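# Architecture at a glance
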Amino acid sequence: MKELICINCPKGCHIFINNDEIKGYSCLRGLYYAKNELTNPLRNLSSTIKIKDSNLMCPVKSSKPLPKDKINLVMKEINKVDVSLPIKFHQVIIKNVLNLEVDIISTKEIN
Amino acid sequence: MENVSLVIIGGGSAGLASAISAYDNGVKDILVIERSHELGGILNQCIHSGFGLSLLKEELTGPEYAHHFINELKKRNIKYLLDSLVLEINKNLEVVYSNSFGVNKIKAKAIICALGCNERTFSQIFIPGDRPKGVYTAGLAQKYLNIDGYLVGKNVYILGSGDIGLIMARRMTLEGANVIGVSEIMPYSNGLNRNIVQCLNDFNIPLYLKTTVSKIVGNKVLEGIEISDVDDKQNIILNTNRFIKCDTLLLSVGLYPFNTLLNKAGCKKNSLTNGALIDNNFETTIEGIFTTGNGLHVHDLVDFVSEESFIVGKKAAELILNLRNDVISELNVNNKDNVSYVLPNTIKLTNNNEEVYFYLRVRKKINKGKIKILNNNKIIYSFIKMYLEPSEMIKFKIESNLLINLKEIDVEIEEIK
Ligand SMILES: Cc1cc2nc3c(=O)[nH]c(=O)nc-3n(C[C@H](O)[C@H](O)[C@H](O)COP(=O)(O)OP(=O)(O)OC[C@H]3O[C@@H](n4cnc5c(N)ncnc54)[C@H](O)[C@@H]3O)c2cc1C
Ligand code: SF4
């Protein structure tokens, strides 16, 4: 039997997996998480991107969860680029990063 | 002197929500004063996701959560000042602030303080050794990295397993630092389980429970630390010390309300929270001065800050618009067994039968607890709750008619074996 802690909300349900049986989740997001965790673990990524001609950083995130084992490679891409002002809310900054079908988008409007 | 109905000090999540709610409850003449160059407060540096699930039913990053509330503020055309520091408030409800135009004074009908919290620093926890460069609070390191783009160190040790420390363990690892480990003095982590999984386990960062930093090594710059085991009473066990080489120590050892303005104005302080004493209207001991958010007591989740501040905005509006009913009875609230603090401290009842909200924290981990409100040892309200933890605030509300004509109530938690 394998035990997981669901990371999808602060409740942190303990989920137990026994062959095909999955128990202990309180909502469907937990079931979905447990299934993915066994085959292809996914994580949200947040980081920052340098703003051109400014001392400040622009916060960004992945538009969808990414495969966990690609996080480090995506971080390298994020640290390669910079972005010019003005920045719109949820502006796409890196489209389809590493062909993962996930965009890196801004999480703040900066003028 | 300029007059404004409602002045809100602080434009973080508490200030934003109380402004929006006061407006929606009929007060249109509002001024929010914020010392930073932008609204949003601490949310601006919390770039990770984990905000909004309970209130907005969507998991957002800190800046996105702030964006939602800033938009709501702008939709209502509520006025705000940035880069403006409030220096003083007083019992006449005057607000003195300073910005690039100089020092200005305004008179309000009510003031809401939404000032946020401070991090406990080095001088507040006792660690022997020098105070070299390389020791930071976790929140300050977070600000340097996420706002200014500056990584404070390469080989990092973290003291305290609160969420900010855990979030920073992941964030610094992603930016190329080597996070050696996290020490927690208690036998359990104070952080959320989800953060242990996605911030430590995902990156194979060890968490050492029942250990603490017992020595700082290095005089001008940090060269390393010693960690030691502690016993069940959190005392260091001799000869368990081991040296760990690192250039950075992050402290994630707690937050406390930021409260100088209220203290200076003469609002009575709550020594248990470091915030102010309040009644069930969130009003301090000075009429017309309200307080909310992390400046009142430290919240676990921003959603709870917003929820609380919606109530506070409404309460301030009721005062300003003369909608308050006469007080028919008044009582004190005492915290008793297993309760580290409870709010409000006094309750003023009127005949409009409004519910009374309680906020409290348990002193230690309790598996099954009975939360009780007593008057002269007689239970007037109780309920059972599972898995009580100091890191999780307990909130509930009761009908005010249960309290009418009482002079005093005690709030306690009985541990059920
Ligand atoms: C580092 C950190 C990480 C967190 N991570 C999470 C998380 O992952 N998930 C979650 O749900 N919650 C998290 N929280 C909690 C949540 O973000 C906070 O509880 C909430 O945002 C606090 O809002 P606030 O308005 O009370 O305080 P703040 O956001 O701190 O706002 C206070 C504002 O008042 C201003 N101010 C103070 N004094 C003056 C003055 N004299 N004059 C003018 N302006 C003044 C400050 O500049 C600031 O903008 C975190 C909190 C911290 C500190
Ligand atoms: S299973 Fe549902 S309720 Fe439980 S932690 Fe996951 S998301 Fe939250």
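Remember, predicted model here, so these are calculated numbers, not experimental data. (Residues numbered from 1 in each chain as written. Chains lettered and ligands numbered in written order. Predicted model: local features only at pLDDT ≥ 70, side-chain atom pairs only at ≥ 80, totals over all residues. Heavy atoms only, no water.)

## A short note on the overall build of chain B
Along the backbone of chain B there are seven helices and 27 strands. Here the C-alpha coordinates of chain B stretch approximately 65 × 60 × 40 Å along the principal axes. By residue count, 55% of the 417 residues in chain B fall in the buried class. Accessible area of chain B: about 18100 Å², with a carbon and sulfur share of 49%. Each charge class in chain B can be summarised by its mean position, and for the 46 positive and 46 negative side chains these summaries are 2 Å apart. (Helix = DSSP H or I, 4+ residues; strand = E, 2+ residues; numbered from the N terminus. Buried < 20%, exposed > 50% of the residue type's maximum accessible area, 1.4 Å probe, protein only. Areas by Shrake-Rupley, 256 points an atom, 1.4 Å probe, with all protein chains shown as cover. Lys, Arg positive; Asp, Glu negative; His and termini not counted. Charge placed at Lys NZ, Arg CZ, Asp CG, Glu CD.)

## Considering the sheet that holds strand S13 (residues 207-209) of chain B
All names here are of chain B. Pairing within the open sheet is parallel, and its five strands lie in the order S10-S17-S11-S12-S13. Pairing within the sheet leaves two strands with one partner each, and these edge strands are strand S10 (135-137) and S13. Ignoring which end each strand starts from, the neighbouring axes of this sheet average 20° apart. Where S10 meets strand S17 (residues 248-251), three bridges bridge the pair, whose relative direction is parallel. Bridged to Tyr 136 within S17 is Leu 250. (Pairing = 2+ DSSP bridges. Axes fitted to C-alpha atoms, helices over the stretch in contact; angles between N-to-C directions.)

## Describing the site of ligand 1
Residues and elements named next belong to chain B. Taken together, 31 residues surround ligand 1, and among them Ser 13, Ala 14, Glu 34, His 48 and Asn 294 come closest. Between ligand 1 and the protein, one listed contact pairs an oxygen atom with a side-chain N or O atom of Arg 35 at 3.0 Å. A distance of 2.9 Å separates a nitrogen atom of ligand 1 from a polar atom in the backbone of Val 86. Every element with two or more residues in the shell around ligand 1 is listed here: helix H1 (13-24), strand S3 (49-51), strand S6 (85-89) and helix H7 (302-320). For the shell around ligand 1, a count of residues per class yields 17 nonpolar, eleven polar and three charged. (Near = heavy atom within 4 Å. Polar contact = N/O pair within 3.5 Å; in protein donor to acceptor, adjacent residues only side chain to side chain. Nonpolar A, V, L, I, M, F, W, Y, C, P; charged D, E, K, R; others polar.)

## Digging into the sheet that holds strand S23 (residues 356-362) of chain B
Residue and element names in this part refer to chain B. Spatial strand order, S21-S23-S26: three strands in an open sheet with antiparallel pairing. Strands at the two margins of the open sheet, each flanked by one partner only, are strand S21 (339-343) and strand S26 (394-398). When strand polarity is set aside, the average angle formed by the axes of neighbouring strands in this sheet is 25°. Direction of pairing for S21 relative to S23: antiparallel, over a ladder of four bridges. Its bridge partner lying in S23, Val 342 is registered against Leu 360.

## Thoughts on the pairing of strand S2 (residues 30-33) of chain B
All names here are of chain B. Along S2, one buried face is formed by Ile 30 and Val 32 and the opposite face, lined by Leu 31 and Ile 33, is buried too. Here strand S1 (residues 2-9) runs beside S2; their pairing, made up of four bridges, is parallel. Its bridge partner being in S2, Ile 9 is matched across the sheet by Ile 33.

## Observations regarding the packing of aromatic side chains
Residues and elements named next belong to chain B. Under the counting rule described, the total for this entry stands at nine aromatic pairs over all chains. Chaining the aromatic ring pairs together yields one cluster made of Phe 358, Tyr 381, Phe 383 and Phe 396. Stacked on the ring of Tyr 188, the Lys or Arg Lys 365 has its end atom at 4.4 Å from the ring centre. Between the NZ or CZ atom of Lys 395 and the centre of the ring of Phe 304, over which it lies, the distance is 3.4 Å. (Phe/Tyr/Trp six-rings, centres within 6.5 Å; stacked < 30°, edge-to-face > 60°. Lys NZ or Arg CZ within 6 Å of the ring centre and 35° of its normal.)

## Section: the interface of chain A and chain B
Chain A puts 31 residues into the contact, and the matching count from chain B is 27 residues. Buried surface at the junction of chain A and chain B, summed over both partners, amounts to about 2300 Å²; 55% is from carbon and sulfur atoms. Counting across the interface, chain A meets chain B through four salt bridges. Where Arg 43 of chain A meets Asp 202 of chain B, a salt bridge forms, and the shortest distance between an N and an O atom there is 2.5 Å. (Contact = heavy atoms within 4.5 Å. Buried area = accessible area lost by both parts, 1.4 Å probe. Salt bridge = Lys/Arg side-chain N within 4 Å of Asp/Glu carboxyl O.)

## Considerations on helix H3 (residues 138-146) of chain B
Looking only at H3 of chain B, the buried set comprises Ala 138, Gly 139, Ala 141, Gln 142, Leu 145 and Asn 146 of chain B. Buried residues of H3 of chain B, viewed axially, fall in a sector of 160°; they line one side. In this structure, the buried residues of H3 of chain B make contact with strand S5 (46-51) and strand S6 (57-62) of chain A together with strand S9 (117-119), S10, helix H4 (163-174) and S17 of chain B. (Arc of directions from axis to C-beta.)

## Considerations on the nonpolar core
Residues and elements named next belong to chain B. The biggest cluster of nonpolar side chains holds 39 residues, and the ones touching the most others in it are Leu 6 and Ile 30. Residue assignment for this core shows that the elements contributing at least two residues are S1, H1, S2, helix H2 (62-75), strand S8 (102-113), H7 and S21. A total of seven residues in this core trace back to one element, the largest contributor, which is H7. Built from parts of two domains, this core gets at least three residues from each of domain 1 (1-118 + 255-324) and domain 3 (328-417). (Core = buried A, V, L, I, M, F, W, Y, C linked by side-chain atoms within 4.5 Å. Domains from an automatic or database assignment.)

## Some details on the domain arrangement of chain A
When the parts of a complex come together, some accessible area is lost, and that lost area is often taken as the interface size. Taken domain by domain, chain A consists of domain 1 (2-39) and domain 2 (46-106). Put simply, the middle of domain 1 of chain A and the middle of domain 2 of chain A, counted by C-alpha atoms, are 29 Å apart.

## A short note on the environment of Tyr 33 of chain A
Summarising the element assignment, Tyr 33 of chain A is placed in helix H1 (residues 28-39). The exposure class assigned to Tyr 33 of chain A is buried, which follows from its relative accessible area of 6%. Each C-alpha atom of the pair Tyr 33 of chain A and Val 102 of chain A lies 18 Å from the other, and the pair is 69 residues apart in sequence. Contact partners of Tyr 33 of chain A, with chain neighbours within four places excluded, come to Ile 5, Cys 6, Ile 7, Asn 8 and Arg 43 of chain A together with Val 197 of chain B.

## Points about the side chain of Asn 195 of chain B
Residue and element names in this part refer to chain B. Relative to the helices and strands, Asn 195 resides in helix H5 (residues 193-200). The exposure class assigned to Asn 195 is buried, which follows from its relative accessible area of 7%. With near-sequence residues (within four places) excluded, Asn 195 lies in contact with Asp 163, Leu 166, Ile 167 and Leu 200.

## Things to note about the confidence of the model for chain B
For chain B, per-residue confidence averages 94 on the pLDDT scale, and residues scoring 70 or more make up 99% of the total. Reported for the predicted complex are a pTM of 0.94 and an ipTM of 0.93. (pLDDT = per-residue confidence, 0-100.)

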